[in-house]
Amino acid sequence: MKDGGRVAAAIEVVDAVLDRHQPVKTALRDWGKAHRFAGSKDRAWISGLALDALRRRASARFVMSEDAPRALVLGALHLAWGLSVDEIEAMFADDEHAPEPMSAAERAGLARPVENAPLHVLAEIPDWLEQSFSRAFGEDAALEGRAMAARAPVDLRVNRLKTDPDKALAAVVAKLKDARASELVKSAIRIPETDPRAKAPPADSIPAYGKGWVEVQDLGSQIAALAAATGEAGQVLDYCAGAGGKTLALAAMMGNAGQVYAWDRDWRRLRAIWPRLKRAGVRDVQVRDGAEAEALSDLERKMDVVFVDAPCTGSGTWRRRPDSKWRLKSDALYKRIKEQQEVLENASKYVKAGGRLVYVTCSVLPEENEDRITDFLQLHPEFEPVSAIEAIQASGELTDEGEIQVGACEGRHGALQLTPARTGTDGFYVCVMEKGG
Ligand SMILES: C[S@@+](CC[C@H](N)C(=O)[O-])C[C@H]1O[C@@H](n2cnc3c(N)ncnc32)[C@H](O)[C@@H]1O
């Protein structure tokens, strides 16, 4: 395919996402099925452009004065890919599958500056979230939002149950030459973000992945799991285990020497954990399936650490799922807040005297983070917040640079707010609370 036809395809995909409310993956798959002549390079190019159009939707809409998929894709070509009006026009020439030539109004739109736009445009966020972003980031709100509208790298966690970081890195680099050791975490590997036109690195099809040496896991998620460091023989309840991403990290950190209990209210999510545990060589995880009353009652007031990876809006992962940014509505946020109150309340009863409750979200919104902790601490004076960076340092996994960068993310309650702008990770909130003896 020529580039003009690819641009037309990206417009179709963005249309399916916005107008027919399809997830990006589904829209791309359907487009691919209906256009079998397109090769994998074409699909990667189209996907890269459609995702960037969604990431930069607010500024594209601002300059183009409309929100149609065509306007958003033209906007992304200019704002995200840095193409000039002439370069875009040249793409459309001599290609019968290209979109219609640009109108005078479209050309003028692309030339319009965004510097003086309102905050939600500069931050590339829905307008109703301006206040939350200002509360979270103050003067840095635009900068933080903008970093959440960039492409994300692929991070791998080295599974110390099967190998060590040097061996794992050599095996990964043999297949993915851009991979390098993380600057922040000793057992992490980073594959930097690729050109948006290129295929994503196939991290989950390399031999090191098949052998269970590495897991695909955002660095922020890895750092959040480290906050549960207990020393090797601890008892940890992963209360919102889902498909087990954090469970695997917790088990690896404990060297198969402790006991991790994995539970989730939704057994359909939890069942994905079995093959993952096997591949990673994990032996110290008990999956507790079933209703909470039966599955967990014997653990009440017995856990050294209860890890709550709470249901949330996922605002910290907008780099990877930009369509979810525009789908988020205030009623969904309020629903998540209710669930967060419920999980904190229920999970806290499993913490033993002197044990810890670790609250994590992949969100940057204070309503889901600091506010939830403030409310919880008011209702539960037996819990006291402790320094999350110190808890993470105890794992011994942070590099010197990691200690500096992660330590700089500390806010109220000794909690950490990691973000793409601050730590180059997804947005994660981590708060550690200790229960009085
Ligand atoms: C952020 S996800 C967990 C992701 C998982 N820890 C991982 O690392 O892959 C949040 C999980 O909380 C679960 N959840 C939602 N509401 C809950 C509730 N009231 N009690 C317990 N779990 C709940 C969801 O089923 C979901 O799997």
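The structure displayed is predicted, hence computed values, not measured ones.

1. Some remarks on the overall build of the chain
Tallying secondary structure elements over the chain gives 23 helices and twelve strands in all. The C-alpha radius of gyration computed for the chain amounts to 23 Å, which stays within 12% of the reference 22 Å derived for 437 residues, consistent with globular compactness. Along the longest, intermediate and shortest principal axes, the C-alpha atoms of the chain span 75 × 45 × 40 Å. Here the chain, with 437 residues, has 57% of them falling under the buried criterion. In the chain, of all internal contacts separated by at least 6 residues, the share reaching a separation of at least 24 is 74%. Counting only carbon and sulfur atoms, one obtains 49% of the accessible surface of the chain, whose full area is about 18,700 Å². The distance from the centre of the 59 positive side-chain charges to the centre of the 66 negative ones in the chain is 5 Å.

2. Some details on the site of the ligand
Lining the immediate environment of the ligand, one finds 17 residues, of which Cys240, Lys246, Asp264, Arg269 and Asp309 sit closest. One of the backbone nitrogen or oxygen atoms of glycine 245 is found 3.1 Å away from an oxygen atom of the ligand. The separation between a nitrogen atom of the ligand and a polar side-chain atom of arginine 265 is 3.2 Å. Contact with the protein chains hides 86% of the accessible area of the ligand, taken as 600 Å² for the molecule alone. Elements with a contribution of two residues or more to the shell around the ligand: helix 14 (245-253) and helix 19 (330-348).

3. With respect to the sheet that holds strand 1 (residues 154-158)
Strands sit in the order 2-3-1-4 across an open sheet of four strands; the sheet is antiparallel. The open sheet has two edge strands, strand 2 (180-181) and strand 4 (214-216), and neither has a second partner. Of the strands in this sheet, strand 1 and strand 3 (188-191) are in contact with helix 13 (residues 219-226), which crosses strand 1 at around 35°.

4. Some details on the nonpolar core
With 45 residues, the main nonpolar core has Val185, Val285, Val358, Leu416 and Val430 as its most contacted residues. The leading source of residues in this core is helix 13, at five residues. The two domains that each donate at least three residues to this core are domain 2 (154-215) and domain 3 (219-435). Excluding residues that lie within four positions of it along the chain, leucine 416 makes contacts with Ala388, Ile389, Ile392, Val406, Cys409, Glu410, Phe428, Tyr429 and Val430. Core analysis: the next-biggest nonpolar cluster, separate from the first, contains 40 residues, Leu49, Val63, Leu74 and Ala98 among them.

5. Section: the pairing of strand 12 (residues 428-435)
Most of strand 12 is tucked away: seven of the eight residues are buried. As paired strands, strand 9 (residues 351-361) and strand 12 are joined by six bridges and run antiparallel to one another. Its bridge partner being in strand 12, threonine 361 is matched across the sheet by tyrosine 429. Note: strand 10 (residues 383-386) against strand 12, four bridges, orientation antiparallel. Note that in strand 12 the partner of proline 385 across the bridge is methionine 433.

6. Considerations on the domain arrangement of the chain
The assigned domain composition of the chain is domain 1 (3-113), domain 2 (154-215) and domain 3 (219-435). A straight line from the C-alpha centre of domain 2 to that of domain 3 covers 23 Å. Carbon and sulfur atoms supply 50% of the area that domain 2 and domain 3 bury against each other, a total of about 1,900 Å² over both sides. Counting the surface domain 2 buries against domain 3, the share from its top three residues, Arg157, Leu161 and Leu184, is 37%. Connecting domain 2 to domain 3 are three salt bridges. Taken together, the links from domain 2 to domain 3 amount to 14 residue pairs in polar contact (both at pLDDT 80 or more).

7. Examining the UniProt feature "binding site: S-adenosyl-L-methionine" (unreviewed entry) in the chain
Per the UniProt entry, the sites bearing "binding site: S-adenosyl-L-methionine" (unreviewed entry) are Asp264, Asp289 and Asp309 in this numbering. From its side chain, aspartate 264 meets the backbone nitrogen of alanine 241 in a polar contact 3.5 Å long. By the element assignment, aspartate 289 lies in the loop between strand 7 (285-287) and helix 17 (292-296). What aspartate 289 contacts, discounting residues up to four positions off in sequence, is Trp267 and Ala295.

8. Quick word on the side chain of threonine 317
Turning to its location among the elements, threonine 317 is positioned in the loop between strand 8 (303-309) and helix 18 (322-327). In this structure threonine 317 touches Cys362 and Asp426, once residues within four positions along its chain are discounted.

9. Focus on the packing of aromatic side chains
All told, the structure shown has seven aromatic pairs when counted by the stated rule. Taking the centre distance of 5.0 Å and the plane angle of 50° together, the rings of tyrosine 239 and tryptophan 263 count as tilted. With tyrosine 239 in the loop between strand 5 (235-238) and helix 14 and tryptophan 263 in the loop between strand 6 (259-262) and helix 15 (267-270), this pair connects stretches of sequence that are 24 residues apart. Both residues of the pair, tyrosine 239 and tryptophan 263, count as buried. These aromatic residues form a ring-pair network of at least three members: Phe133, Phe137 and Trp318. Between arginine 112 and the ring centre of phenylalanine 62, over which it is positioned, the NZ or CZ distance is 4.3 Å. Over the face of the ring belonging to tyrosine 209 we find arginine 279, whose NZ or CZ atom lies 4.0 Å from the ring centre.

Conventions we followed
- Residues numbered from 1 in each chain as written.
- Predicted model: local features only at pLDDT ≥ 70, side-chain atom pairs only at ≥ 80, totals over all residues.
- Heavy atoms only, no water.
- Helix = DSSP H or I, 4+ residues; strand = E, 2+ residues; numbered from the N terminus.
- Rg over C-alpha atoms; globule rule 2.2 N^0.38 Å.
- Buried < 20%, exposed > 50% of the residue type's maximum accessible area, 1.4 Å probe, protein only.
- Contact = heavy atoms within 4.5 Å.
- Areas by Shrake-Rupley, 256 points an atom, 1.4 Å probe, with all protein chains shown as cover.
- Lys, Arg positive; Asp, Glu negative; His and termini not counted.
- Charge placed at Lys NZ, Arg CZ, Asp CG, Glu CD.
- Near = heavy atom within 4 Å.
- Polar contact = N/O pair within 3.5 Å; in protein donor to acceptor, adjacent residues only side chain to side chain.
- Pairing = 2+ DSSP bridges.
- Axes fitted to C-alpha atoms, helices over the stretch in contact; angles between N-to-C directions.
- Core = buried A, V, L, I, M, F, W, Y, C linked by side-chain atoms within 4.5 Å.
- Domains from an automatic or database assignment.
- Buried area = accessible area lost by both parts, 1.4 Å probe.
- Salt bridge = Lys/Arg side-chain N within 4 Å of Asp/Glu carboxyl O.
- UniProt positions renumbered as here; feature names shortened; annotations may be inferred.
- Phe/Tyr/Trp six-rings, centres within 6.5 Å; stacked < 30°, edge-to-face > 60°.
- Lys NZ or Arg CZ within 6 Å of the ring centre and 35° of its normal.

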